[in-house]
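Reading the structure
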Amino acid sequence: MRFGRILGISVMLMMMIGAFAVPVAAATTYTDSQQRFSFTVPNGYTPTTAQLTAPVVVGFVASSPAGANFTVQVRDATQTLDAVTAEFQKRYATGADSQPGPNGITSLTLGGQPARQFDYFTNAQGTRFHISQIVVINGKALYILTFTAQEGDYDALIGQTSSVLSSFTFLSAGATGPSAPISDGSAVYRDAQGRFSFTVPIDFQSVDPGDAALEFDARALNGTLATYFYLYVDSRESSTAPSFNADVASQRDFLITDRKYTIVSEQAITLGGTPAYRFDVTKTLDSGTRVRSVFVFAYHSGMNYQFVYVTSPSRFDEYSGRMQALLSSFSFSATPNPVTPPSAPPASPPKPTPAIPANPPPSAPPPSPPPTDGHDNGR
């Protein structure tokens with residue numbers, strides 16, 4: 001797991017590159033486990049066996065054309081339909097390896113709700129893909145349907161999956177964010193997949209998490225200053241203590257060698273009863289602005305958790321109590337995974353180190369949908 005910023009591999013492109021499905025004989029109906037939506041699964045499509053992480057809820061892959069697939073994401077709706085669609089189109093259709101599709105943004109209806117659709121092309125491992133995204137809001141939830149195929153197979157994919165759109169039905173409002181207000185004005189956030197919960201500090205509100213599992217900020221209190229926290233949840237195959245210790249050591253090495261960071265303190269802690277590790281750091285952004293951050297890493301029930309809190313140095317003390325209360329309230333739904341955290345190394349004077357590239361690129365295909373944001377400020 002690469003800490004600091006997780007460069008997740010696109011689920012859709014993973015499904016294109018590997019063999020992840022077995023054909024089925026007839027169409028079936030898929031119903032979301034939380035009873036938020038349902039749709040008809042096209043003939044020849046089966047659930048992907050690739051690992052899916054929030055906000056992706058479900059994915060199906062075709063037997064023919066090989067690897068063609070579609071996924072459904074559910075996020076908190078924090079913008080208007082037109083605003084979020086325009087943001088996604090700009091982000092993904094104009095990237096370094098992407099080009100806009102021929103149709104621009106078009107309007108349609110999905111499950112009785114107004115929706116928007118756009119398409120674009122992207123390249124991965126020498127192959128050109130054609131991708132379509134449909135964006136719709138129902139209640140407090142934002143739904144993103146993504147259809148991916150190699151360029152020559154795109155028309156076949158769209159024809160085969162037309163039944164998904166015509167049959168798509170919303171079964172509930174599908175809110176995924178904070179609920180159950182507490183007397184002090186804070187609220188309890190419960191993960192949509194039932195993995196964890198925590199108390200959201202007062203004055204923090206949910207925002208578009210991009211490639212994280214969730215994000216909250218205090219912009220309402222701070223004006224334009226982004227005091228915020230976010231959480232990554234990432235699956236991994238290894239579950240051993242040495243691998244967790246190696247992750248922490250790797251993160252320490254990165255923070256030491258990247259001259260933008262200075263480690264203020266570090267310590268072994270617990271998160272939801274699970275051993276975890278915490279780094280308090282300062283970072284100098286490319287603009288010259290300094291920020292103060294807290295990174296907390298934990299491993300639980302087959303998943304990596306990375307919690308990050310960012311603010312300005314002048315506001316760190318103001319919010320540190322709220323962040324500590326959040327960490328103290330964090331609760332996992334399953335039995336904690338026994339992992340012995342590493343011990344903090346002996347204190348020693350900082351040593352000058354040569355600059356090295358931060359966060360080397362992943363060896364797997366470059367990221368593409370599900371939508372992500374840059375998360376630049378302090379990450």
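Position numbers for residues start from 1 in each chain and track the written sequence from start to end. It should be noted that, the model being predicted, local features are given only for residues of pLDDT at least 70 and side-chain atom pairs only at 80 or more, the latter also being counted only at that level, while totals for whole chains, interfaces and linings use all residues. Side-chain measures were taken over the full set of non-hydrogen atoms in the model, leaving aside hydrogen atoms and water.

**Re unusual backbone geometry**
Here is the rule: The way it works is that DSSP assigns letters per residue, a run of H or I at least four long becomes a helix, a run of E at least two long becomes a strand, and they are numbered from the N terminus. Each residue's exposure class comes from its accessible area (1.4 Å probe, protein chains only) as a fraction of the maximum for that residue type: buried when under 20%, exposed when over 50%, partly exposed otherwise.
Between S64 and the following residue, P65, the backbone shows a cis peptide bond with an omega angle of 0°. In the Ramachandran plot, Q35 falls in the positive-phi region, its phi being about 60° despite a non-glycine side chain. Locating Q35 in the fold gives a position in the loop between β1 (28-31) and β2 (37-41). Among the residues examined, Q35 registers a relative accessible area of 45% and is labelled partly exposed.

**Quick notes on the pairing of β1**
We count it as follows: Any two strands with at least two DSSP bridges between them are considered paired.
Here four bridges tie β1 to β2, and the two strands are oriented antiparallel to one another. By the bridge assignment for β2, T28 is matched with V41. Connecting the antiparallel pair β1 and β2 is a turn made up of five residues, with Q35 showing a positive phi of about 60°.

**What about the nonpolar core?**
This is how the line gets drawn: Joining through side-chain atoms within 4.5 Å is the link that ties buried Ala, Val, Leu, Ile, Met, Phe, Trp, Tyr and Cys residues into a set, and such a set is a nonpolar core. Note on contacts: a residue pair is in contact if any heavy atoms of the two residues lie within 4.5 Å.
Core analysis: the largest hydrophobic core is formed by 29 residues, its most contacted members being F196, F198, F229 and F307. For this core, the secondary-structure elements that each account for two or more residues are β14 (196-200), β16 (214-217), β17 (228-235), β18 (261-271), β20 (290-300), β21 (303-311) and α7 (316-329). Those residues in contact with F196 that sit more than four places away from it in its chain are Y189, R190, D191, L214, L231, V233, Y305, F330, S331, F332 and S333. Judged by nonpolar contacts, the second largest core, of 25 residues, contains Y45, F70, V72 and F147.

**Here we look at the packing of aromatic side chains**
The condition that has to hold: Only Phe, Tyr and Trp rings are paired, with Trp represented by its six-membered ring, and only when their centres lie within 6.5 Å; those with planes under 30 degrees apart are stacked, over 60 edge-to-face, the remainder tilted. We count a charge as sitting over a ring when the NZ of a lysine or the CZ of an arginine lies within 6 Å of the ring centre and within 35 degrees of the ring normal.
Considering all chains together, one arrives at 34 aromatic pairs under this definition. Where F37 meets F168, the ring centres are 5.4 Å apart and the plane angle is 5°; that geometry is what we call stacked. Of this pair, F37 sits in strand β2 while F168 is found in the loop between α4 (162-167) and β11 (169-170), placing the two residues 131 residues apart along the sequence. For the residue pair F37 and F168, the accessibility class agrees, reading buried in each case. Taken together, the ring pairs in this structure connect Y30, F37, F39, Y45, F60, F70, Y143, F147, F168 and F170 into an aromatic cluster. We note R292 situated over the ring of F316; from NZ or CZ to the ring centre the distance is 3.8 Å.

**Quick word on the pattern of salt bridges**
Here is the rule: Within this document, salt bridges are pairs made up of a side-chain nitrogen of Lys or Arg and a carboxyl oxygen of Asp or Glu, the two lying within 4 Å of each other.
Taken as a whole and assessed by the stated rule, the structure comprises seven salt bridges. Here R128 ties to E151 by a salt bridge, and the two come within 3.1 Å at their closest N and O atoms. In this pair, R128 is assigned in strand β9 (residues 127-138) and E151 in the loop between β10 (141-150) and α3 (154-160), connecting sequence segments 23 residues apart. Taking the relative accessible area as the measure of exposure, E151 reaches 38% and is therefore partly exposed. As a salt-bridge pair, D280 and R278 come within 2.7 Å of each other at their nearest N and O atoms. Like D280, the residue R278 is buried in the burial classification.

**Some thoughts on the side chain of T282**
Convention followed: N or O atoms within 3.5 Å of each other form a polar contact, as long as, within protein, one can give a hydrogen and the other can take it, and as long as residues adjacent in sequence are counted only when both atoms are side-chain atoms.
As for its position among the elements, T282 is in strand β19 (residues 274-284). Of the polar contacts made by the side chain of T282, one reaches the side chain of R290; its length is 2.7 Å. If sequence neighbours within four positions are ignored, T282 has contacts with K260, Y261, T262, V264, R290, V291 and R292.

**Digging into the environment of S172**
Structurally, S172 is set in the loop between β11 and β12 (178-181). The partly exposed category is assigned to S172, whose relative accessible area is 30%. Counting along the chain gives 138 residues from S172 to Q34, while the straight-line C-alpha distance between them is 9.0 Å. The residues contacting S172, other than those within four sequence positions of it, are Q35, R36 and N138.

**A closer look at the confidence of the model for the chain**
Spelled out, the test is: On a scale of 0 to 100, pLDDT captures the predictor's confidence in every residue.
Averaged over every residue, the pLDDT of the chain is 75; the share at 70 or more is 71%. Summarising per-element confidence for the chain, the mean pLDDT is lowest in helix α5 (residues 219-222) (44) and highest in α3 (95). For the stretch residues 1-11, pLDDT sits under 50, and the model shows 40 contacts to residues farther than four places along the chain or on other chains. Per-residue pLDDT stays below 50 along residues 346-379; that stretch engages in 88 contacts with residues further than four places along the chain or on separate chains.

**Here's the deal with the side chain of S98**
On the secondary structure map, S98 appears in strand β6 (residues 98-100). Taking the relative accessible area as the measure of exposure, S98 reaches 14% and is therefore buried. Here the side chain of S98 touches T122 through a polar contact of 3.2 Å, side chain to side chain. Beyond its immediate chain neighbours, meaning those up to four positions away, S98 contacts Y92, A93, Y120, F121 and T122.

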